[in-house]
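A look at the structure
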Amino acid sequence: SLVKVVKRRIRSEKPDTVHLCTTASLGLIKDYFIFRYAKSRGIRTVLHFHCGRIPEIFRNNNWETKLLKRVFKNTDIPVVMDNSSLLTLDRMSVQGAVYVPNPLSSFVSKMVSANEGNVERVDKRLLFVGHVVDIKGVYELVEACSRLSDVTLRMVGHVEDDVKSRLENIASAREGNWLCFTGGLSREETIKEMLAADALVAPSYIEGFPNVILEAMACGTPIIASGVGAIPEMLDNGKCGVVIKPRSADEICNAVEKLLSDKELKSSMAAKAKERVNNEYSISSVWDRLVNVWKG
């Protein structure tokens, strides 16, 4: 098992720190046993959350909450990727928590640099990127676009036949071939889609720290996104994109009309987003934060 493998590595390599990445849920079981073993050998432990569910876990107050509390007893430094999680841990008297965001992939940065001068923006083209499922807010998105007479929508990502059929039925309220499903695309093809879009729309119900937002920021693509997970912080609380409430076609409609009708606002938000992602979320910036965590 993974726990046995990690224990063997600890015995053979004698590290100063054990750093585990977790998405919580049942994964906390392995986290608990690994950390308990590490602490028995006097080794520092870092638990790095790759999800934004900590507030939800404590609100639920169920088996997952109890398990997380047991893991924390053997954790020296919890690492979170959003401030709401940081505040929750502070309220729950969990000591030593620090904030470290996910970085923008250097591979993505290189692809943006290689392609941005060769791709032209398409006026009024909206883009969705991700698995086309209900919790991503896709029904509200297509409903909103069906009310707008002059936008097109491209949906990049895997879509099940029944979901596609339902979305096409919603779209039929408006005439024309304005809705396009591309299916899954390569990373480079997706970056080109972002560079060509007038705006990226990410109306998810729940999120952690979505890479699609970082990538759109790097592309200088204006962003409309739900205020869930780390998204408000990523967009600097509305300075780098339009933050909306989830589960509302009206919110999406209003945000699209506001952003696409104001060229100055669109340009300003895109420029600020690009500057922010390169300054705050670069590999070098995030690496420095991690090194500080390991140094204690």
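Above this note sits the structure.
Description of the structure in this document. Note that the structure is predicted; figures quoted are calculated from it, not measured. (Residues numbered from 1 in each chain as written. Predicted model: local features only at pLDDT ≥ 70, side-chain atom pairs only at ≥ 80, totals over all residues. Heavy atoms only, no water.)

**Regarding the overall build of the protein**
When helices and strands are tallied, the protein shows 14 helices and ten strands. In summary, the protein has a C-alpha radius of gyration of 21 Å against a globular reference of 19 Å for 296 residues, a match within 12%. Overall size of the protein, expressed as C-alpha extent along the three principal axes, is 65 × 40 × 35 Å. Put simply, the protein has 296 residues, and 50% of those count as buried. The contacts in the protein between residues at least 6 apart in sequence include a share of 71% that link residues at least 24 apart. A total of about 14400 Å² of accessible surface is found on the protein, and carbon and sulfur atoms cover 48% of it. Of the side-chain charges in the protein, 41 are positive and 36 negative, and the distance between the mean point of each set is 11 Å. (Helix = DSSP H or I, 4+ residues; strand = E, 2+ residues; numbered from the N terminus. Rg over C-alpha atoms; globule rule 2.2 N^0.38 Å. Buried < 20%, exposed > 50% of the residue type's maximum accessible area, 1.4 Å probe, protein only. Contact = heavy atoms within 4.5 Å. Areas by Shrake-Rupley, 256 points an atom, 1.4 Å probe, with all protein chains shown as cover. Lys, Arg positive; Asp, Glu negative; His and termini not counted. Charge placed at Lys NZ, Arg CZ, Asp CG, Glu CD.)

**Observations concerning a nonpolar patch on the surface**
A contiguous nonpolar surface patch, about 410 Å² in accessible area, is contributed by Leu26, Ile29, Phe33 and Trp63. Within the fold, Phe33 resides in helix H2 (residues 27–40). (Patch = residues over 30% accessible without salt bridge, like charges linked within 9 Å, V, L, I, M, F, W, Y side chains within 5 Å. Salt bridge = Lys/Arg side-chain N within 4 Å of Asp/Glu carboxyl O.)

**Examining the sheet that holds strand S10 (residues 242–244)**
Pairing is parallel in the open sheet, where six strands are placed in the order S7-S6-S5-S8-S9-S10. Taken across any chain shown, the strands that pair with only one partner, and hence form the sheet edges, are strand S7 (179–183) and S10. When strand polarity is set aside, the average angle formed by the axes of neighbouring strands in this sheet is 20°. In terms of strand pairing, strand S6 (residues 152–156) meets S7 through four bridges, oriented parallel. Opposite Val156, over in S7, you have Gly183 as the bridge partner. (Pairing = 2+ DSSP bridges. Axes fitted to C-alpha atoms, helices over the stretch in contact; angles between N-to-C directions.)

**Looking at the pattern of salt bridges**
Tallied over the full model, the rule gives 14 salt bridges. The partner of Asp198 in a salt bridge is Lys266, and the shortest N-O contact between them spans 2.9 Å. Here Asp198, found in the loop between helix H9 (187–196) and strand S8 (199–202), pairs with Lys266, found in helix H13 (residues 263–280); they are 68 residues apart in sequence, far enough to count as distant. When its relative accessible area of 12% is taken as the criterion, Lys266 is described as buried. Note that Arg289 is salt-bridged to Glu280, the shortest N-O span being 3.3 Å. When its relative accessible area of 31% is taken as the criterion, Glu280 is described as partly exposed. One continuous salt-bridge network, built from bridges that share partners, spans Arg53, Glu56 and Glu64.

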